[in-house]
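Commentary on secondary and tertiary structure
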Amino acid sequence: MKFFLKKNIFFYFLIFGFSLLYAQGIPSGDSGRFPPPPQFPKDPDNIIKYRGNRTYSESLPLKIIQTKCSKKEGNLVFIEIIFNQSINPRSIKPDSILINNTPLPPFVRFLFNKKGTSVKMLVPLTINSFKMRICNIRSFNNTFIEPVELLIEVER
């Protein structure tokens, strides 16, 4: 019985609603009440979309601004490299960063910040200072970094 009542109320509501629409007149064509949505400006040439994010591609040479290195538990060392512009994450591979002229182990994972200007990694090391060579890393405008060799001291 309740279902039958609810069903009847629903149909009466529909009929009443349509009768109101026809009494006012159904708008036809472009009534002018709702303007079209604004057109967004096209992106400038220096913006690239990467994984849903807008990434600025600058024509500056790619350089390293800062490196941070600290000791973690056991024989793990936390390394962070900060660049002057967004880097293409696809260009960083274990052989892009050499520690004492040996590439990183293949199990090392790279973490990037949201802007893509910083890369972090955990590397198994037992020494307190090492030579790090960075090469074959590129930005979004395909500018490769000049090979850089840095002497790094591990902070405790």
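Reference entry: report on the structure contained in this document. (Residues numbered from 1 in each chain as written. Predicted model: local features only at pLDDT ≥ 70, side-chain atom pairs only at ≥ 80, totals over all residues. Heavy atoms only, no water.)

1. Description of the overall build of the protein
Scanning the protein for helices and strands turns up 1 helix and 10 strands. Mapped from its N terminus to its C terminus, the protein presents α and β elements in the order α-β-β-β-β-β-β-β-β-β-β. A total of 156 residues make up the protein; the buried ones form 27% of that total. Contacts in the protein between residues far apart in sequence, at least 24 positions, make up 57% of those at least 6 positions apart. (Helix = DSSP H or I, 4+ residues; strand = E, 2+ residues; numbered from the N terminus. Buried < 20%, exposed > 50% of the residue type's maximum accessible area, 1.4 Å probe, protein only. Contact = heavy atoms within 4.5 Å.)

2. Considering the packing of aromatic side chains
What the rule picks out here adds up to 0 aromatic pairs. When the ring centre of F78 is taken as reference, the NZ or CZ atom of K72 above it lies at 5.4 Å. (Phe/Tyr/Trp six-rings, centres within 6.5 Å; stacked < 30°, edge-to-face > 60°. Lys NZ or Arg CZ within 6 Å of the ring centre and 35° of its normal.)

3. Description of a nonpolar patch on the surface
A surface patch of nonpolar side chains, amounting to about 390 Å² of accessible area, comprises F10, F11, L14 and F18. As for its position among the elements, L14 is in helix α1 (residues 2-24). Here L14 falls in the partly exposed class, since its relative accessible area comes to 32%. (Patch = residues over 30% accessible without salt bridge, like charges linked within 9 Å, V, L, I, M, F, W, Y side chains within 5 Å. Areas by Shrake-Rupley, 256 points an atom, 1.4 Å probe, with all protein chains shown as cover. Salt bridge = Lys/Arg side-chain N within 4 Å of Asp/Glu carboxyl O.)

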